[in-house]
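Listed here are the chains, written in short residue letters.
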Amino acid sequence: MSDKELMRKAIALSINSVKNGGGPFGAVIAKDGEIIAEASNSVTIDHDPTAHAEVNAIRQATAKLGTFDLTGCDIYTSCEPCPMCLGAIYWAHIDRIFYANNRKDAARIGFDDEFIYREISLAPQYRQKALIKLLPEEAREAFELWQQSDSKTEY
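Parameters and conventions
- Residues numbered from 1 in each chain as written.
- Predicted model: local features only at pLDDT ≥ 70, side-chain atom pairs only at ≥ 80, totals over all residues.
- Heavy atoms only, no water.
- Core = buried A, V, L, I, M, F, W, Y, C linked by side-chain atoms within 4.5 Å.
- Buried < 20%, exposed > 50% of the residue type's maximum accessible area, 1.4 Å probe, protein only.
- Helix = DSSP H or I, 4+ residues; strand = E, 2+ residues; numbered from the N terminus.
- Contact = heavy atoms within 4.5 Å.
- Salt bridge = Lys/Arg side-chain N within 4 Å of Asp/Glu carboxyl O.
- Expected span 1.5 Å × (residues − 1).

**Remarks on the nonpolar core**
Alright, step 1. Counting residues in hydrophobic clusters, the biggest one holds 18 residues, and the most contacted among them are I29, I58, A61, L70, I75 and I94.
Alright, step 2. The set of elements that each furnish at least two residues to this core consists of β1 (26-31), β2 (34-40), α3 (53-65) and β3 (73-79).
Alright, step 3. Examining the composition of this core, we find that 4 residues originate from one element, α3, more than from any other.
Alright, step 4. If near-sequence neighbours (up to four positions away) are discounted, L70 is found in contact with I29, I58, A61, T62, L65, A92, H93 and I94.

Have a look at this one:
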């Protein structure tokens, strides 16, 4: 399938999502023009704030391919990914991101993530949500075990 066909599929998913009670977002993950996964936003349906179309598609693609590394795949989203989804896309090592609507378009209909973009750029002590460091000495053990492990799978 061409890039435009794959984007049209993501857009169709976003439209169907609204008609079925979900949010207005759809995503397709493809490799070499073949659809690996497709999903829509199911935040309200699943009662899961992380169930954005991109995250749902990533979960499907990694399950289908049996890997956490989606190198060689592209994602087609009906809207520019929010900060959470963008982070997930980077962690999944997806090669390219194609999007239709942008974040300003999303903000106009009530999906405004600008405050999160601003918060991320602030030092922790200046963020609206308190970040309270607690028991770092105890938590360090897991990091040391990870660092010393010969059997870890790096990602």
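Let us keep going from here.
**Points about the pattern of salt bridges**
Alright, step 1. All chains considered together, the criterion is met by 6 salt bridges.
Alright, step 2. Ionic pairing is found between K9 and E38, a salt bridge with its closest N-O pair at 3.5 Å. Taken as a pair, K9 in helix α1 (residues 3-19) and E38 in strand β2 lie far apart in primary sequence, 29 residues in all.
Alright, step 3. Using a relative accessible area of 29% as the deciding quantity, one classes K9 as partly exposed.
Alright, step 4. Taking the shortest distance from any N to any O, the salt bridge between R96 and D74 comes out at 2.9 Å. Taken together, the residues R96 in strand β4 (residues 96-101) and D74 in strand β3 connect sequence positions 22 residues apart.
Alright, step 5. Through salt bridges that share partners, E80, R103 and E114 make up one connected network.

**Describing the environment of R140**
Alright, step 1. With respect to the element layout, R140 can be found in helix α7 (residues 136-148).
Alright, step 2. Once the C-alpha coordinates of R140 and H47 are considered, the two residues, 93 residues apart in sequence, prove to be 33 Å apart.

**Quick look at α3**
Alright, step 1. Between its first and last C-alpha, α3 extends 18 Å over 13 residues, near the 18 Å set by a 1.5 Å rise per residue.
Alright, step 2. Turning to α3, its buried residues number three or more, namely A53, E54, V55, N56, A57, I58 and A61.
Alright, step 3. Packed against the buried residues of α3 are β1, β2, β3 and α4 (83-91).
Alright, step 4. Following α3 by one or two positions, G66 adopts a phi angle in the positive range, close to 65 degrees.

On their own, these measurements won't tell you what the molecule is for.
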